[in-house]
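# Report on the structure
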Amino acid sequence: MRYWSHSEIRETFLKYFADHDHLVIGSRSLVPVDDPTLLLVNSGMAPLKPFFTGEQDAPRKRLCNIQKCVRTNDIESVGDRHHLTFFEMMGNWSIGDYFKQEAIEFAWRLISEGFGFDTSRIYATVYGEDRKLPEIPSDDESLRIWETLLPPERIIRLGAESNFWGPAGTSGPCGPCTEVFFDRGEEYGCGQPTCGPECECGRFLEIWNAGVFMQYDLRGDGMFAELPFRSVDAGAGLDRFSIILQSVDSVYETDLLKPIVEIVVSESELPADAKSVRIITDHVRCGTLLISDGVQPGNLGKEYVLRRLLRRAFLHSKLAGVSSETLLTAAATVRELLSPYYPEVKDSGELVRHTIEKEHASFETTLRRAMRELEKIVDSSNGSITGADAFRLHDTLGLPLEMTKELAHARGLTVNEKEYKEQLEEHRRRSRG
Ligand code: SER
């Protein structure tokens, strides 16, 4: 496989779908418009929901783009080879136009002929029956289509957890999906005989959700209704394509993130693959993109997502010996890398700088107080920080549990999380009362 830069991957993806009659649309903001069910745009289809429900007319029945997305549900996994909070989704959509056959063929042809992936390493998953969703039949049609392209042992039926996608938010279009995985090789695997695309070990990397076959509308009452027409929502992570097409070990070595990592490590003794370095890189990147879309740090909703990302980056920069000036340089590098694709990122220099500086100053005050408190707790602790103490740090000093955990771990201590959760519940109960 030859080396593909991220800009070549972007161009090739969009050109392929434009050549197949798709209208190229721009990325929407990370802040959802008129969608109270969703905190932040988490997928390419999220801003397009009204097209799939028929509430709005799409400019064309075939669309494609590269959409900015944020997902923080996996924030604890950031630091491994491929989890990110901000990512770019290369998406193609059929709005009441093509369905399973064409969607799978498009993905297959672009993977094999367009990008030249080694197809002997490709696996596909399809939706099999699942007792959790008795009303959704297994997707035998996709299975049969894949059987014309791949040997049967490389097509896997999985349940709802893996192969039923959506809705984005708590209601809306959703359906069974078929995903494409790339086998990175035994050296990346757990070695278990059961290892396969459903294994978490990292050997099998999901590179493309080649189609969510949207037939259903999950309503607010938890029931599925039929959508007025059938659509396809397909999405491929630009970062994951870059890992494979640049033959690198992790997303942090791709040309999407490496320049940011280099800034961070320029001031740290830590190696480029240290978890703290990766967390700083990811969180500063995501924070910069959120600020560029007008989000400011705060204590609720998307504002809290940004605050948590920035403060976690600040905390890890302390652990890694990285100054706030370097964080600002890292944010400027994020903007330099992404400005060619997103005009709002180009124009946000002052805003990003000012927001990070202000949040950093307020974090320093919080952290100083929290550290004094934590030192007292550590002195009197017995290898573990009690849930009550962790809760007090959170409640009175605004130190999130995850930061207490990280500070504790740096001192070889654990935190009693079960007790912390009990305290939190108790506090909520009393507040309600
Ligand atoms: N919405 C689907 C996903 O995020 C396909 O793009 O995986």
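See the structure printed just above.
Residues numbered from 1 in each chain as written. Predicted model: local features only at pLDDT ≥ 70, side-chain atom pairs only at ≥ 80, totals over all residues. Heavy atoms only, no water.

### Details of the overall build of the protein chain
The cut-off we apply is this: Each helix is a run of H or I in the DSSP string that is no shorter than four residues. Each strand is a run of E no shorter than two, and both are numbered from the N terminus. Two things to know: the radius of gyration comes from C-alpha atoms, and the globule rule equals 2.2 Å times the number of residues to the power 0.38. Residue burial is assigned from relative accessible area. The probe radius is 1.4 Å, only protein chains are included, and a residue is buried under 20% of its type maximum, exposed over 50%, and partly exposed in between. Working definition of accessibility: Shrake-Rupley area with a 1.4 Å probe, residue cover restricted to the visible protein chains.
Along its length, the protein chain carries 15 helices and eleven strands. Radius of gyration (C-alpha) of the protein chain: 23 Å, near the 22 Å computed for a compact globule of 433 residues. Structurally, the protein chain occupies a C-alpha span of about 65 × 50 × 50 Å along its principal axes. Here the protein chain holds 433 residues, and the buried ones make up 55% of them. Carbon together with sulfur atoms contributes 48% to the accessible area of the protein chain, which is approximately 19100 Å² in total.

### Quick word on the pattern of salt bridges
This is how it is decided: Just to be clear on terms, a salt bridge is a Lys or Arg side-chain nitrogen sitting within 4 Å of an Asp or Glu carboxyl oxygen.
Applying the stated rule across the entire model yields 34 salt bridges. We note a salt bridge from D221 to R219, for which the minimum N-O separation is 2.9 Å. Taking relative accessible area as the criterion, R219 reaches 38% and is therefore assigned partly exposed.

### Some words on the packing of aromatic side chains
As a reminder of what qualifies: Aromatic pairing here means that ring centres of Phe, Tyr or Trp (its six-membered ring) are within 6.5 Å. Orientation follows from the plane angle: under 30 degrees is stacked, over 60 is edge-to-face, and everything else is tilted. By the criterion adopted, a ring carries a charge over it if an Arg CZ or a Lys NZ lies within 6 Å of its centre and within 35 degrees of its normal.
Using the criterion set out here, one finds 22 aromatic pairs in the structure. For the pair F314 and F363, a centre-to-centre distance of 5.5 Å together with 50° between the ring planes defines the contact as tilted. Here the residue F314 occupies a position in helix α9 (residues 301-320), and F363 occupies one in helix α12 (residues 349-379), the gap between them amounting to 49 residues. On the basis of relative accessibility, which here comes to 2%, the residue F314 falls in the buried class. A relative accessible area of 1% means that F363 is categorised as buried. A cation sits over an aromatic face here: R10 above Y341, 3.7 Å from the ring centre. In this structure, R184 packs its charged tip against the face of Y188, placed 4.1 Å from the ring centre.

### Observations regarding the packing of α9 against helix α14 (residues 401-410)
The test is simple: Angular values range over 0 to 180 degrees, each being the angle between N-to-C directions of two axes fitted as lines to C-alpha atoms, with helices fitted over their stretch in contact. Just so you know how the angles are binned, under 35 degrees is roughly parallel, over 145 roughly antiparallel, 65 to 115 roughly perpendicular, and the rest oblique. Any pair of residues with heavy atoms lying within 4.5 Å of one another is described as a contacting pair. Classes in brief: Ala, Val, Leu, Ile, Met, Phe, Trp, Tyr, Cys and Pro nonpolar; Asp, Glu, Lys and Arg charged; the others, Gly included, polar.
The interhelical angle for the contact between α9 and α14, taken along N-to-C directions, is 10°, at an axis separation of 11 Å. What the angle tells us is that α9 and α14 run roughly parallel. Facing α9, whose interface residues are R308, R311, R312, L315, H316 and L319, α14 presents E402, M403, E406, L407 and A410. Class assignment for the residues of the contact of α9 with α14 results in five nonpolar, one polar and five charged.

### Describing the pairing of strand β5 (residues 155-158)
Looking along a regular strand, one sees the side chains alternate between the two faces of the sheet. Worth spelling out the cut-off: Two strands qualify as a pair provided DSSP detects at least 2 bridges between them. Place the viewer so that the strands point away; then a crossover is right-handed whenever the path from the first strand over the helix to the second strand goes clockwise.
In terms of strand pairing, strand β4 (residues 122-127) meets β5 through four bridges, oriented parallel. Its bridge partner being in β5, T125 is matched across the sheet by I156. Between β4 and its parallel partner β5, the chain crosses via helix α4 (residues 140-147), and the hand of that crossover is right-handed.

### Points about the packing of helix α8 (residues 275-292) against α9
Stated precisely, the cut-off is as follows: Crossings are sorted by hand: turned counterclockwise from the far helix by less than a right angle, the near helix makes the crossing left-handed, and turned clockwise it makes it right-handed.
Where α8 contacts α9, the axes come no closer than 8 Å and their chain directions differ by 145°. Pair α8 / α9 crosses with left-handed handedness. Contacts between α8 and α9 involve S276, I279, I280, H283, V284, C286, G287, L290 and I291 on the former and, on the latter, V305, L306, L309, L310, R312, A313, H316, S317, L319 and A320. The class makeup of the residues in the contact of α8 with α9 is 13 nonpolar, five polar and one charged.

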